[in-house]
Amino acid sequence: MTNVMAWVANHPRVLPERVVRGAFLAAADIAWLLRVGSVRQLERNLRHVLTWSARDAAATVDGNAPAAPVGRRTLRRISRQGMRSYFTYFSEALTVGASDRERLLARIRGAGDGLDSLIAFTSPDGANSSAPIAMGHQGNWDYDGFWAQFDVAPVTTVAERLADQEMLDVFVSIRERLGMRILLTGTPHLTERLEEALGTPHVLVPLLADRDLSRHGEFVEAFGSTIRVARGPATLAYDTGLPLYVANTYRERLSGARRRAASTPYGYVCEVSGPVDIDMYRGLEREKAIHAISQAWVDVWARGIAAHPEDWHMLQPIFLEDLDLSRLRDVPESLLAKARADG
C-alpha cells in the first residue's frame, strides 16, 4: 500500500484526482464496514466527544437534566464520516502536485475570532512578529499551511519521523512543495530551532499537538476525561512570551464559482481562535505554567472538535482509559491512582 501511495504522490497527474479520491473513499467505506481496529478506536474516541457534547447541551437547557446516551447508529454514522474525511485527506495530500495555486486556495479559507488578531500580529505592516499555534489532527492541515503563507505568514512546522523512509520522504516533499519548512521529530535541539524560527519576524509555527507520541506529554482534561497532549505549543509560548493561537480545521460544502475553481465538492475552513494570554501564567513555576497553558488551549480546541467531530482524524488511543500508563513517564500519582481504581 505504501508503494502505491508513494507512486501516486510522485506521479500526481497520471490519474485524475477524482479517481484517486474515489478509490480512497471506497477503501474508507470497506474499513468502516469491516470495523477494523482503527475504526473501533475512532469510535471509542468519538464516544467521549459526543457524550461530552450531549452533557454540555443538556446542561445549557436544564442544569439538572441528564444527557441522553449516544446511540450506536449516531456513533456509526459519524465514524463513517470520520473515516471518509481521514481518507480524503490522504487522497488530497498525494495529488497536490496536480493542482495549481488558484485551485488549492479555492479549497481553503480562514475564519474565527482570532484570525484578524493573528494577521495583525504577524504582518510586516503590523507588529511584524511571529506566533505559535496549537492544532489537532483535523481536516486537512497541509492545506492550512499552504493557505497561511499567502494570508498570514510562512510556516515552519514539525513532521513525525516515520519508520517507513519512503513515506516519510513523500510527505516531507508534499509539505515542502506546499511552501512549508519541515523539521522532523527527533531532530537535535528541536525546541531551540523552533524558538529560533519564532525569533524571526513574520513566521507561524503550528504544531499538531492533540496526541503525544513520545513517552512524555502533558495530561489535561478534555471531553469529560483525560488526554495526553504534546507540550510543544505551551513550551514555545511560555519560553518566547509570544501569544498562543489555536486552530481547528473542518470541511464545508462548496458551491458556485468557488466549487468550480476548487474542482471538488468540499473545501476547508481554518478557524483561528485566541490568543491564549501567556502573561496570565507568569506567576507560576515553569512546569505548572506549561500545564496551565496546555489546559487553556485544549479547552478552546475541544470546542472546535465538538462542533465538527466528523473531521477529527484520531484513530489512536489518547484517552486515559485507553492508555498503557506503565509505558509513560511523569504520570501524576493522582492519575495512576484513578487508573488503579477504575481497573
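In what follows, the structure referred to is the one given above.
Residues numbered from 1 in each chain as written. Predicted model: local features only at pLDDT ≥ 70, side-chain atom pairs only at ≥ 80, totals over all residues. Heavy atoms only, no water.

What about the overall build of the chain?
Spelled out, the test is: Working definition: helices are DSSP H or I runs of at least four residues, strands are E runs of at least two. Numbering for both runs from the N terminus. For a compact globule the rule gives 2.2 Å times the number of residues to the power 0.38, and the radius of gyration it is set against comes from C-alpha atoms. Partly exposed describes any residue whose relative accessible area lies between the buried limit of under 20% and the exposed limit of over 50%, with all areas from a 1.4 Å probe on protein chains only and scaled to the type maximum. By definition, residues are in contact when any of their heavy atoms lie within 4.5 Å. Accessibility throughout is a Shrake-Rupley quantity obtained with a 1.4 Å probe, and a residue counts as covered only by protein chains that appear here. Counted as positive: Lys and Arg. Counted as negative: Asp and Glu. His and the chain ends are not counted at all. One atom stands in for each charge, and that atom is NZ of Lys, CZ of Arg, CG of Asp or CD of Glu.
Scanning the chain for helices and strands turns up 13 helices and nine strands. Taking 2.2 N^0.38 as the reference for a compact globule, 343 residues should give roughly 20 Å; the C-alpha atoms of the chain span a radius of gyration of 20 Å, in line with that estimate. Dimensions of the chain, computed from C-alpha atoms along their principal axes, come out at roughly 55 × 50 × 45 Å. Taking all 343 residues of the chain together, the buried fraction comes to 52%. For the chain, the proportion of contacts with a sequence separation of at least 24, taken over those separated by at least 6, is 76%. Entry remark: accessible area of the chain is about 16,000 Å², with carbon and sulfur atoms responsible for 52%. Of the side chains in the chain, 40 bear a positive and 42 a negative charge, and the two mean positions are spaced by 8 Å.

A few points about the sheet that holds strand β5 (residues 204–208)
Operational definition: When DSSP locates at least two bridges between a pair of strands, those strands are taken to pair. Between N-to-C directions, angles span 0 to 180 degrees; the directions come from axes that are lines fitted to C-alpha atoms, helices contributing only their stretch in contact.
What the five strands build is an open sheet, ordered β1-β9-β8-β2-β5; its pairing is mixed. The strands lining the two open edges of the sheet, one partner per strand, are β1 (108–111) and β5. For this sheet, the mean angle separating the axes of adjacent strands, direction not counted, is 30 degrees. Sheet topology note: the strand β2 (residues 131–135)/strand β8 (residues 244–253) ladder contains two bridges and is parallel. Within β8, the residue paired with I133 across the bridge is Y245. In the packing of helix α7 (residues 141–151) onto the sheet, contacts are made with β1, β2, β5, β8 and β9 (266–276), and the angle to β1 comes to roughly 75 degrees. Packing of helix α12 (residues 286–307) onto the sheet brings it into contact with β2, β8 and β9, and relative to β8 it is tilted by some 10 degrees.

Quick word on the nonpolar core
To keep things clear, this is the line we draw: Here the nonpolar core consists of buried residues drawn from Ala, Val, Leu, Ile, Met, Phe, Trp, Tyr and Cys, with membership extended through side-chain atoms lying within 4.5 Å.
Ranked by internal contacts, the top residues of the largest apolar core, which has 57 residues, are M83, L94, L118, F171, I174 and L204. No other element matches helix α4 (residues 72–94), which puts nine residues into this core. With near-sequence residues (within four places) excluded, L204 lies in contact with L118, T122, A131, I133, A148, V152, A153, P154, V155 and T156. Ranked by size, the runner-up nonpolar core spans 32 residues in total, among them F223, A237, I278 and Y281.

Observations concerning the packing of helix α9 (residues 190–198) against helix α10 (residues 232–240)
For clarity, the cut-off: What sets the label is the angle itself: under 35 degrees gives roughly parallel, over 145 gives roughly antiparallel, 65 to 115 gives roughly perpendicular, and the rest give oblique. The crossing is said to be left-handed when, going from far helix to near helix, the turn is anticlockwise and less than a right angle, and right-handed when the turn is clockwise. As a working rule, the residues Ala, Val, Leu, Ile, Met, Phe, Trp, Tyr, Cys and Pro are called nonpolar, Asp, Glu, Lys and Arg charged, and the rest polar, with Gly in that last group.
Closest axis-to-axis distance for the α9/α10 pair is 10 Å, and the angle between their directions is 55 degrees. The angle between α9 and α10 places the two elements in the oblique class. The two elements α9 and α10 meet at a crossing, and its hand is right-handed. On α10, the residues touching T191, L194, E195 and L198 of α9 are T235, L236, D239 and T240. Taken together, the residues of the contact of α9 with α10 sort by class into three nonpolar, three polar and two charged.

Points about the pattern of salt bridges
Put simply, the rule reads: One speaks of a salt bridge when a side-chain nitrogen belonging to Lys or Arg is within 4 Å of a carboxyl oxygen belonging to Asp or Glu.
Following the criterion strictly, the structure yields 17 salt bridges and no others. Measuring nitrogen to oxygen at the nearest pair gives 3.9 Å for the salt bridge that ties R44 to D322. Taken together, the positions of R44 in helix α3 (residues 37–61) and D322 in the loop between α12 and α13 (333–342) put the pair 278 residues apart, joining distant regions of the chain. A salt bridge links E252 to R109; the shortest N-O distance between them is 2.9 Å. Of the two residues, E252 sits in strand β8 while R109 sits in strand β1, which places them 143 residues apart along the sequence.

Quick word on the packing of aromatic side chains
The geometry of an aromatic ring pair is captured by the separation of the ring centres together with the interplanar angle, meaning the angle of the planes. As a reminder, the rule being used: To pair, rings of Phe, Tyr and Trp, with the six-membered ring standing in for Trp, must have centres within 6.5 Å; the planes then decide the type, stacked if under 30 degrees apart, edge-to-face if over 60, and tilted in the middle. A positively charged side chain is recorded as over a ring if its NZ (Lys) or CZ (Arg) lies within 6 Å of the ring centre. The angle to the ring normal must also be within 35 degrees.
Inspection of every chain in the model, using the stated rule, returns 14 aromatic pairs. Measuring from centroid to centroid gives 6.0 Å for F223 and W312, while their planes differ by 45 degrees, and the two rings are tilted. Remark: W312 occurs in the loop between α12 and α13 and F223 occurs in the loop between β6 (218–222) and β7 (225–229); sequence separation between them is 89 residues. We note that F223, like W312, is buried. The structure contains a cluster of three or more aromatic residues connected by ring pairs, namely F24, Y86, F87, Y89, F90, W141 and F171. The aromatic ring of W32 is capped on one face by R80, whose charged end is 5.8 Å from the ring centroid. The side chain of R282 reaches across the aromatic face of Y238, ending 4.6 Å from its centre.

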